[in-house]
Amino acid sequence: MDAQLGERLWRFHGGVRLPHEKPMSLAADPEFAGVPPVLVVPLRQHRGDAAEPVVRVGETVNRGQLIGEAHPGRITARVHAPATGVVTAIERREVIHPSGLPELCVEIETRAGGTDEDLPPLDWQTCDRQALIDRIWEAGIVGLGGAVFPTHIKVDPPPETPVDLLIVNGAECEPYIAADETLMRHRPKDVIRGALMVARATGAARTVVAVEDQMGAVEHILRKTERDLGAEDLQIVKVPTIYPEGGERQLIRVLTGKEVPSGGLPLDVGLLSINVGTAVAAYHAVEHGRPLISRMVTVTGRGIRQPGNFEALIGTPVSYLIERAGGYDDDIRKLVMGGPMMGVPLPHDDLPIMKATNALLGLVDYEVTRKAPELPCIRCMACERVCPAQLLPQQLLWYTQQGDFEQVEAHALFDCIECGCCAFACPSQIPLVDYYRYAKSEIRARAVERARAAHARHRHEVREERLEREQERRARRLQKKREKLRDRKAKQAEIQAAIQRSKARRKSGEESDDAL
Amino acid sequence: MRFETAGGPHIPAPITVHQVMRDVLLALVPGILAHLWFFGPGILFQLALAIGAALGFEALMLKLRGARLDLHLHDLTAPVTGALYALCLPPLMPWWAAIIGMFFAIVIAKHLYGGLGNNLFNPAMVGFVVVIVAFPNISTTWVPAQSLAENPLNLIDSFKVIFFGTLPDGLTWDAITGATPLDLIRTRISEGIMLTEIRTDEIFGKYGGKGFEWVSIGYLVGGLYLLYRKVITWHVPVAMLGTVAVLTLPAYAMDPYNNPFPLQHILTGGMVLGAFFIATDPVSGSTTPRGRLIFGLGVAILTLSIRRWGAYPDGVAFSVLLMNCAVPLIDRYTKPRVFGRE
């Protein structure tokens, strides 16, 4: 193993230091949130295509039973029943998504009893690589860090880009979110074994678990577990807590000094990173045959009465989980899925927990109130200083406001990761990320529009060409005819031929109609 | 239960324009105190006049433009313009200089160009340049620290001078005013007098002009505070002062009789104030790190050129305005490398 790894850390450009709010939910031990009376399980909880429902309304399903089948060759993932019960509806429901668009969901009225339909356990240390990958697919494992990319694809890199280093990402850099930290604190064995197992599945040469320096005892716990399990070839590296260090590209930079090419993948530089929660879920899928039907969710913030971390079934209503955390504080103003920087604001709590739901954050009045009204940009470049993508956020704002999207693209808008550092650093209190989201959607819409226009233009041109060709042909035919008719004899023959043709046609027309 | 759904980040920026500008004003305090110590209470009137005029014109323009008065008067950008302008003036400047300067700064340079954030030129420098171009003899109204030490003007005396132009009994303008150190160097060198000799004049201190050098050190202290508070970045001050040092040291080494020592260049005139407070103006400066280096470099070269060959003793204000013109071009060619790109 490379002893150098972790000895030297690199820096990424920018980033901000945010108040450390994780301890808020870590005071109490994690609990199982319980089985709510009704679960609403979305069939698209991941990147790519939605799973196809394979159950019918009225059907009884067992815990762990497949309810959403997915196409193995595509970017998609399977979905399983989180608890035993009866399917009461399969219909489009509102889910947690920035677009607010409804998704097809399976509603399950839970009931006690029934049997678990877990998959047969595998021995992760002896079974072959492909078996691990297949199991990850079967169990519907997706990235639990937020991107929800199907894990079976991720851990199966093409042979031409082997994995040199696997990074198990425990740097949960947004404040408040402590789901991964909870796993590392309370299930360190699963974390270490999960890391080793994923390393085996990916064929990674080296593996590192990255934790943040503000996580205190976590590093120690993992090191001790590592020793206990005799897994010393795994490295544990503590990285400084600077938001957005948990971002894949930023963490890779800090650990290795490498930059993932813009528009490329970590694999392009021989790296693969996977979230701690994902590694644990994959481990459970193999060791216990348990599909991904629950996850650790941090319920926290000053807007929540008793913050804590809960093992929640997928499909659990947000309101149910909030109730388990003591309910709302009277001053709550915003409910966010995720962290305070990149989280998705929820309009209400009648929404299901999904595989991507790492945290529910209740923010109170004074936390979300702007310090001053929005002012024009003063070009101070505080945004440039904190941008981890090394963009010029101020110029992006300027060109977006001008509607000059060509320049917006020239200033690399699509390299923006929407981490929100710029907005957090802006003394003019400008919601910069809103502008970038707007610009991105506008540019995409224009690209579609352009493509449509190009298509229409192409069709028009082809039609014009065709009409021209026909006209020419007609003109040529007429010309030929005229030439022929100049000759008298030929003219007579032509007339005769025409009469013959007409006769023949009439005759055959009597026999069958379709001759015409 | 319904919740607010504004997009992230969900926690607001902890800083405001008001705080940034308050830091700038605070950072000016050491320089102002030195100014007060060496040049008397006149600066207090200049500051009050300029800041008052700046706020007045700002309010007027906001009203005419239909903008929110409370919001923009609170952002403190107009007082910063006023203060920087006042610090460029001789402390006994007549009262109307502040009014004229602020009219051009706030009305023309700031609001007619679109208001906060949109001005192409540094407003304080526009105001100052208008005044020194229109009234070129103002630099002769500087009262050297030396003569003030002999004939101190108190608050009331200063008030009378500034508002009524009447000097205390027994004093005449000729008796108390004199050329600034930069002025003196220009005229004497052109007369063929050696610098070593010029510097024996009592208006010089250890490095720069007597008093002026301490005021500059005051600005330096304030500038370091701004760096510490991350209100400014190191690029402009380092590029500007570094360029001055690099360009003047060889000249001094070759011919110390005709070329001032780098520290003298830095500690006289508006060099330090310019490097930390004026060329760092975010609105009219470059928006890229490399661009800010070029901006500082340009200001330094132009200032030295004006000091050496120009018609004015100091050139920071002109240089800043000239470099302001170049900002869009600089920005265009100094875009930083995007993360993960070649």
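It should be emphasised that the depicted structure is a prediction, and the values quoted were computed from it without experimental measurement.

Definitions and cut-offs
- Counting of residues starts from 1 at the beginning of each chain's written sequence and follows it residue by residue.
- Following the order in which they are written, the chains are lettered starting with A and the ligands numbered starting with 1.
- Thresholds applied to this predicted model are a pLDDT of at least 70 for local features of residues and 80 or more for the giving and counting of side-chain atom pairs; totals over whole chains, interfaces and linings are not thresholded and use all residues.
- Helix and strand definitions here come from DSSP, where helices need a minimum of 4 consecutive H or I residues and strands a minimum of 2 consecutive E residues; each element is numbered from the N-terminal end.
- Our radius of gyration is a C-alpha quantity, and the globule rule it is checked against amounts to 2.2 Å times the number of residues to the power 0.38.
- Our exposure labels follow a C-beta count within 10 Å of each residue's own C-beta, placed from the backbone: buried means 20 or more other C-beta atoms, exposed means 12 or fewer, and partly exposed covers the counts in between.
- Contact between two residues is assigned whenever their backbone-derived C-beta positions fall within 7 Å.
- Strands are labelled as partners when DSSP assigns at least two bridges between them.
- For helices, the fitted axis covers only the stretch in contact; all axes are lines through C-alpha atoms, and the angles between them, taken along N-to-C directions, range from 0 to 180 degrees.
- Throughout, the arc means the angular range of directions from the helix axis out to the C-beta atoms.
- The predictor attaches a confidence to each residue, called pLDDT, with possible values from 0 through 100.
- Roughly parallel means an angle under 35 degrees; roughly antiparallel, over 145; roughly perpendicular, 65 to 115; everything else is oblique.
- Left-handed describes a crossing in which the near helix is turned anticlockwise from the far one by less than a right angle; the clockwise case is right-handed.
- For this scheme, ten residues count as nonpolar: Ala, Val, Leu, Ile, Met, Phe, Trp, Tyr, Cys and Pro. Four count as charged, namely Asp, Glu, Lys and Arg, and the remainder, Gly too, count as polar.

Turning our eyes to something else, we now look at the overall build of chain A. Per the secondary structure count, chain A includes 16 helices and 17 strands. Relative to a compact globule of 516 residues, whose C-alpha radius of gyration would be 24 Å, chain A shows 31 Å and is clearly more extended. Taken along its principal axes, the extent of the C-alpha atoms in chain A is 110 × 65 × 55 Å. By the burial criterion, 49% of the 516 residues in chain A qualify as buried. Within chain A, counting contacts between residues at least 6 apart in sequence, those at least 24 apart form 72% of the total.

Here we take up the sheet that holds strand β16 (residues 344-346) of chain A. Adjacent strands of a sheet pair through backbone hydrogen bonds, lying either parallel or antiparallel. Residue and element names in this part refer to chain A. Taking strand neighbours across the sheet as the criterion, the six strands line up as β1-β14-β13-β17-β15-β16 in an open arrangement whose pairing is mixed. Edge positions in the sheet fall to β1 (31-32) and β16, since each has one partner strand and no second. Here helix α4 (residues 179-186) sits on the sheet in contact with β13 (294-300), β14 (308-313) and β17 (359-364), set at roughly 115 degrees to β13.

In an α-helix, one turn spans 3.6 residues, which is why side chains three or four residues apart end up on the same side. Residues and elements named next belong to chain B. Of all the positions in helix α9 (residues 155-164), only Ser158, Val161 and Ile162 are classed as buried. Within α9, the buried residues cover an arc of 90 degrees as seen down the axis, which keeps them to one side. Among the exposed residues of α9, those oriented more than 90 degrees off its buried face are Ile156 and Phe164. Those residues of α9 that are buried lie in contact with α3 (42-65) and α6 (95-111).

Quick look at the confidence of the model for chain B now. Fine structural detail should not be taken from predicted coordinates in areas where pLDDT scores are low. In this model, chain B carries a mean pLDDT of 89, and residues with pLDDT of at least 70 account for 98%. Scored as a whole, the predicted complex attains pTM 0.87, and scored at its interfaces, ipTM 0.89.

Let us look at the packing of helix α13 (residues 212-228) of chain B against helix α16 (residues 271-278) of chain B. Residue and element names in this part refer to chain B. Interhelical geometry of α13 versus α16 gives an angle of 15 degrees and a closest axis separation of 9 Å. When the axis of α13 is compared with that of α16, the two are roughly parallel. Pair α13 / α16 crosses with left-handed handedness. For the pair formed by α13 and α16, the contact residues are Ser216, Tyr219, Leu220, Gly222, Gly223 and Leu226 on the first element and Val272, Leu273, Ala275, Phe276 and Phe277 on the second. A class-by-class count of the residues in the contact of α13 with α16 yields eight nonpolar, three polar and no charged.

All right, on to the interface of chain B and chain A then. Every contact between the two is made by 35 residues of chain B and, on the other side, 56 residues of chain A. Ranked by the residues each element gives to the side of chain B that touches chain A, the list is headed by helix α1 (residues 17-27) of chain B, at four residues. Residue composition of the side of chain B that touches chain A, by class: 18 nonpolar, eleven polar and six charged.

To continue, consider the sheet that holds strand β8 (residues 103-110) of chain A. Residues and elements named next belong to chain A. A sheet is described by the order of its strands in space; here four strands give the open sequence β2-β8-β7-β4, paired in antiparallel fashion. Each edge of the open sheet is held by one strand with a lone partner, namely β2 (38-42) and β4 (60-61). In this structure, β4 lies alongside strand β7 (residues 85-93), joined through two bridges in antiparallel fashion. Along β7, the bridge assignment pairs Thr60 with Val86.

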